[in-house]
Amino acid sequence: MTHVEDELTSQPECWIRAAAEADRHRAALPAPGERVAIVGCGTSYFMAQAAAALREGAGQGETDAFAASEFPHGRSYDRVVALTRSGTTTEVLDLLGRLREGTRTTAITADPHTPVMAAADDLVVLDYADERSVVQTRFATTALTLLRTHLGLHTDAAVADARTALTTPLPEGLVACTQFTFLGRGWTVGLANEAGLKMREASLAWTEAYPAMEYRHGPISITTHGTATWMLGEAPEGLAEQVRATGGLWIAGGLDPLAELVRAQRLAVAVAAARGLDPDQPRHLTRSVILAP
């Protein structure tokens, strides 16, 4: 078993622990009414997109998401939350350093022995969700589970659905597809973006991700026999029928959307295996991006 396989199968237990410990991290996480930005790089950026949409949708306050390198320094926030598994990513550390004097910052990380521990005002360490794999799975979903719990949006059903996602066979013919499109709505747009990234990282697959309603505005033109379109969350009315009419494979997201992401992680590993690739050795990637000064 690869590191990424071992780590993605441990997600239900990680989610249970994150939910159980969320209350003791309350002071480090955004309070209702705060104006908040959530930042990250790569996978963490896509989790930031999901978390920001969830928080604003829950009426907790205006919430934006940015790649750490693209943070708009002309805007004012009560708190900036940085997601960083490694605690060493250059863009995140640079941003936290620039914000240190004027904005309250929180870092959610997996490694308590890294520079981020001195770079943020408040810290949440999810060391039990740390990973050996370059390809992120459990840290990302565990951090998002912590934030969902903080918002009162996590349920035991999500954990049960994750277990279903790990034990139910993938849809017939899916692994053999040559192109994959992931769709989301609201907070699940971030999950769709992450599902696409997992496929590219682990299996070098041709993948795209879109808001579900935007998919009709051009991207559906690539859908045909041998391609798959996967909806994370509830699909817009009539979209499944449109995809099936193209000859493409439609995958309905019937589980909790975060559990659907677990299924997509499994697909990435399965496609990698079918192509003779090692998902623990993604091309041109390292566990953390550290830029020379």
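Use the structure listed above.
So, here's what we can say about the structure. (Residues numbered from 1 in each chain as written. Predicted model: local features only at pLDDT ≥ 70, side-chain atom pairs only at ≥ 80, totals over all residues. Heavy atoms only, no water.)

### Details of the packing of aromatic side chains
Piece 1. The full count for this structure, using the stated rule, is 5 aromatic pairs.
Piece 2. Measuring from ring centre to ring centre gives 6.5 Å for phenylalanine 66 and tyrosine 77, while their planes differ by 70 degrees; the resulting arrangement is edge-to-face. Of the two residues, phenylalanine 66 is situated in strand β2 (residues 63-67) and tyrosine 77 in the loop between β2 and β3 (79-84); the sequence distance between them amounts to 11 residues. With respect to class, phenylalanine 66 is no different from tyrosine 77; both count as buried.
Piece 3. Centroid distance phenylalanine 71 to tyrosine 77: 5.8 Å. Interplanar angle 50 degrees. Geometry classified as tilted. No difference in accessibility class separates phenylalanine 71 from tyrosine 77, as the two residues are buried.
Piece 4. Linked through ring pairs, Phe66, Phe71 and Tyr77 together constitute an aromatic cluster.
Piece 5. Taking NZ or CZ as reference, arginine 35 lies 4.7 Å from the ring centre of tyrosine 77, over its face. (Phe/Tyr/Trp six-rings, centres within 6.5 Å; stacked < 30°, edge-to-face > 60°. Helix = DSSP H or I, 4+ residues; strand = E, 2+ residues; numbered from the N terminus. Buried < 20%, exposed > 50% of the residue type's maximum accessible area, 1.4 Å probe, protein only. Lys NZ or Arg CZ within 6 Å of the ring centre and 35° of its normal.)

### With respect to helix α6 (residues 138-150)
Piece 1. Its 13 residues place the ends of α6 18 Å apart at the C-alpha level, agreeing with the 18 Å of an ideal helix rising 1.5 Å per residue.
Piece 2. Taken from the residues just after α6, glycine 152 is the one with a positive phi, measuring 75 degrees. (Expected span 1.5 Å × (residues − 1).)

### A word on the environment of leucine 277
Piece 1. Following the sequence through the fold, leucine 277 ends up in the segment after α10 (257-274).
Piece 2. Accessibility expressed as a relative area gives 31% for leucine 277, which makes it partly exposed.
Piece 3. Residues leucine 277 and glutamate 34, spaced 243 residues apart in sequence, show a C-alpha to C-alpha distance of 45 Å.
Piece 4. When neighbours within four sequence positions are excluded, leucine 277 is seen to be in contact with Ala202, Ser203, Leu204 and Ala272. (Contact = heavy atoms within 4.5 Å.)

### Things to note about the sheet that holds β3
The strands making up a sheet associate through hydrogen bonds between their backbones, and the pairing can be parallel or antiparallel.
Piece 1. Overall, parallel pairing links the 5 strands, which are arranged β2-β1-β3-β4-β5 in an open sheet. One side of each edge strand has no neighbouring strand; the edge strands of this open sheet are β2 and β5 (122-125). Averaged over all pairs of adjacent strands, the angle between their axes in this sheet comes to 20 degrees, without regard to strand direction.
Piece 2. Where strand β4 (residues 104-109) lies against β5, 4 bridges are found, and the strand directions are parallel. Looking across to β5, one finds that alanine 107 is bridged to leucine 123.
Piece 3. Relative to β4, α6 is tilted by about 135 degrees, and along the sheet it contacts β3, β4 and β5. (Pairing = 2+ DSSP bridges. Axes fitted to C-alpha atoms, helices over the stretch in contact; angles between N-to-C directions.)

### A short note on the nonpolar core
As a rule of thumb, nonpolar side chains are buried together in soluble globular proteins.
Piece 1. Of all hydrophobic cores here, the largest spans 62 residues; its most connected members are Ile108, Leu126, Leu144, Phe180, Phe182 and Leu191.
Piece 2. At 9 residues, the largest contribution of residues to this core is made by α10.
Piece 3. Counting residues in hydrophobic clusters, the runner-up holds 16 residues, among them Val92, Leu96, Val116 and Ala120. (Core = buried A, V, L, I, M, F, W, Y, C linked by side-chain atoms within 4.5 Å.)

### Structural notes on the pattern of salt bridges
Piece 1. Counting across every chain of the model gives 15 salt bridges.
Piece 2. Across the pair arginine 26 and aspartate 23 runs a salt bridge, and its minimum N-O distance is 3.0 Å.
Piece 3. On the basis of relative accessibility, which here comes to 55%, the residue aspartate 23 falls in the exposed class.
Piece 4. The salt bridge involving glutamate 194 is made with lysine 198; its shortest N-O contact spans 2.4 Å. Within this pair, glutamate 194 and its partner lysine 198 are both found in helix α8 (residues 188-203), separated by 4 residues, close to a single helical turn. Lysine 198 carries the same exposure label as glutamate 194, and that label is buried.
Piece 5. Salt bridges sharing partners connect three or more residues here, namely Glu34, Arg79, Arg104 and Asp122. (Salt bridge = Lys/Arg side-chain N within 4 Å of Asp/Glu carboxyl O.)

Read these as spatial facts, not as claims about activity.
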